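The residues making up each chain are set out below.
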2 protein chains.
Amino acid sequence: MAKKRILTGDTPTGKLHIGHYVGTLENRVKLQDQYETFIIEADLHALSTLSKSPTKINEYLHEVLLDNLAVGLDPGKATFFAESLVPEIYELAAFLSMYVSHNRALRNPTVKDEIKMKGLGDTFSLGFVNYPIYQAADILCVKANLVPVGVDQVAHLEQTRELAKDLNSVAGREVFPIPEALVGRVGKLVGTDGNPKMGKSLNNTIFLSEGDEEIERKIRNMYTDPKRIHATDPGTVDGNPVFIYLDAFSKEEHKTQIEDFKNRYKTGQVKDTEIKEYLSELMKDFIRPIRELRKKYESQPEESDRIIKAGSERVREIVVQTLADVKKSLNFIS
Amino acid sequence: MAKKRILTGDTPTGKLHIGHYVGTLENRVKLQDQYETFIIEADLHALSTLSKSPTKINEYLHEVLLDNLAVGLDPGKATFFAESLVPEIYELAAFLSMYVSHNRALRNPTVKDEIKMKGLGDTFSLGFVNYPIYQAADILCVKANLVPVGVDQVAHLEQTRELAKDLNSVAGREVFPIPEALVGRVGKLVGTDGNPKMGKSLNNTIFLSEGDEEIERKIRNMYTDPKRIHATDPGTVDGNPVFIYLDAFSKEEHKTQIEDFKNRYKTGQVKDTEIKEYLSELMKDFIRPIRELRKKYESQPEESDRIIKAGSERVREIVVQTLADVKKSLNFIS
């Protein structure tokens, strides 16, 4: 029996960070044996935020690919592809865009959030409004069954599911499986500053390629319980970024120590610095092997280039079939 | 020196009629020697109105192709292509959509008019809002210099011109020529019922494939001056559909007779039936050779199939180059 398919990916607007790791990368690695995995680098999507500096996207695309390989995705198992190397995705998106109302697209909660967060006012591009449809096309073009996503992306997937159902209904048969969302272990990681949203532009994250000194500095400056002035003050553990990170990045062997820290924190018997030093070591241990594997791939640029191009060719063959399937259903010329 | 390029075309939602002839077909024929002419059958566009009955589009595509050939477009000179056979057009549209604001797209006067005319309220699709961008991609994908359009389409072209300028500016060089509009001799032909808008759904037009009896019936029922009850009443010539058609479809040899009719009409010295019979003969003489040439092509379906497929392949080679050119300008992966 053929393996079920996963479609997941990144918009290359910067290097990946620990938020991406817990949100989606971890699941990608875990599932790459069980599923036929496709990972899109959505470079054309990236234009919706980088339209004035498009030349950076190509560089980010390679960085993001390195980040994926560095966390343990095996290019022999997962297929990486660049969206812009598969033009048929956009023809599929054009078909889909005829089956979603303009109002429905504007109601997409992620679109609304992004407009607010990026302060776009009413100046956003038409491409920005098309974003959920392009994403639906990314998912449906390989007929994916499962989509590992950050909690932010669940709303996008709902629109993809609606479109798959609508197209199946127009076609009178199952052209597309209805994809399911798989939210990561930690749906959304808070920033080092306690901001519920983490991001490069917010300067509140740790990159997967971060060096030890930077990790130490960032952890040292982390936001904790602001009401706790002295080591002897009782503090709050719930929602405290330091403890969230301890829970998110610890292994089984750390659990006892972390429980002890939590108890001492609540009762005012531990210094912030002691816990932060512990977290700092833990994060450095977590990042080190990733950074080292990344260096290996960095030293072979022709290899990562080959990975993305061979993957894009393979995906293109699949998408040409998908599109032919859609067109046949709608009786288009072939 | 290479010939300049024309891009023009049709959305296959029904057979073409005399309004299309004076608006654009006449110019296509006239210019096919002077320009390298590309004629798109925008079948995917047609989904924006036929999303619930997509299987009809293919049939209309062939009808519209026949209409074009029937009016004298030479498939050895003009290149016909189906939009859905050139997926790269949609990738180009995706690039363009990042450079037009959502607000600007909604302000497009033709989009606003269509929403009103078709009574779409707020139920229109996202694809419908994308329509002007898809049209811009159609024009820019072959780097057209001239676009023969109906007067309705001038606003669309303005958006295309803006996008060409924007992309050239981002690229720092001329990727696209700035296309010019060429409005037909009669910008917009009134319907047989006097409605300023003519269309199949309004049941107020004469098809280019119409039979003699139908032409006679339609002319006999034409709207004239409603205030003129008797043949002896003075009538109004300006804006009178019968006289508009006489002016639009007559040849040099008819001019004297038409002037005489106008004078007698203004002074109440002619019956409506006399003028309508004259117009009826004139229209039948106009349609007959078109209908006959159409029959020739109708009897060779494999030939029209070959024309559209060979043309689509040729255009695809051009568009792959255009897209590569855009991507190179934006430093995308290649």
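The structure displayed is predicted, hence computed values, not measured ones. (Residues numbered from 1 in each chain as written. Chains lettered and ligands numbered in written order. Predicted model: local features only at pLDDT ≥ 70, side-chain atom pairs only at ≥ 80, totals over all residues.)

Observations concerning the domain arrangement of chain A
Residues and elements named next belong to chain A. The condition that has to hold: An automatic or database domain assignment supplies the residue ranges for each domain. A residue pair is marked as a contact if its C-beta atoms, positioned from the backbone, fall within 7 Å. Residues are grouped as follows: nonpolar covers Ala, Val, Leu, Ile, Met, Phe, Trp, Tyr, Cys and Pro; charged covers Asp, Glu, Lys and Arg; every other residue, Gly included, is treated as polar.
The domain architecture assigned to chain A consists of domain 1 (5-190 + 301-329) and domain 2 (212-294). A separation of 33 Å is found between the C-alpha centroids of domain 1 and domain 2. Across the boundary between the two partners, domain 1 contributes seven residues, which contact six residues of domain 2. Its residues placed into classes, the side of domain 1 that touches domain 2 shows seven nonpolar, no polar and no charged.

Section: the environment of Leu202 of chain B
Residues and elements named next belong to chain B. To keep it simple, the criterion reads: A helix here means a DSSP run of H or I that spans at least four residues, while a strand means a run of E at least two residues long, and both kinds are numbered starting from the N terminus.
Along the polypeptide, Leu202 turns up in the loop between strand S5 (180-183) and helix H9 (212-220). Here the alpha-carbon distance between Leu202 and Phe124, two residues 78 residues apart in the chain, equals 20 Å. Leaving out residues up to four positions away in the same chain, Leu202 has contacts with Gly191, Asn195 and Lys197.

Some thoughts on the interface of chain B and chain A
Contacts between the two partners involve 45 residues from chain B, matched on the other side by 45 residues from chain A. For the side of chain B that touches chain A, the elements supplying multiple residues, two or more each, are helix H2 (43-50), helix H3 (56-70), helix H4 (88-97), helix H5 (102-107) and helix H7 (126-141) of chain B. A breakdown of the residues in the side of chain B that touches chain A according to their chemical character gives 26 nonpolar, 14 polar and five charged.

Things to note about helix H7 (residues 126-141) of chain A
Residues and elements named next belong to chain A. To keep it simple, the criterion reads: One less than the number of residues in a helix, times 1.5 Å, gives the span that helix is expected to have. To get the bend at a given residue, fit one axis to the seven residues ending there, fit another to the seven starting there, and take the angle between those axes. Field definition: a residue is buried when 20 or more other C-beta atoms are found within 10 Å of its C-beta, exposed when 12 or fewer are, and partly exposed for counts in between, with C-beta atoms placed from the backbone.
Look at H7: 22 Å from first C-alpha to last across 16 residues, which is about the 22 Å you get at 1.5 Å a residue. Along H7, the helix axis deviates most sharply at Pro132, where the bend reaches about 40 degrees. Where burial is concerned, most of H7 is hidden: 16 out of the 16 residues are buried.

A word on the relation of the copies chain B and chain A
In summary, the two copies of the chain are related to each other by a rotation about an axis coupled with a shift along it. To keep it simple, the criterion reads: We superpose the copies by least squares over the C-alpha atoms of residues that have a pLDDT of at least 70 in both of them.
Rotating chain B by 180 degrees and translating it 0.0 Å along the rotation axis places it on chain A, where the RMSD comes to 0.1 Å. Taken together, the turn and the small shift mark the pair as related by a two-fold rotation axis. Considering only C-alpha atoms, the residue of chain B closest to the rotation axis is Tyr90 of chain B, which sits at 2.6 Å. Here 100% of the contact residues of chain B are again contact residues in chain A; the copies associate through an equivalent surface.

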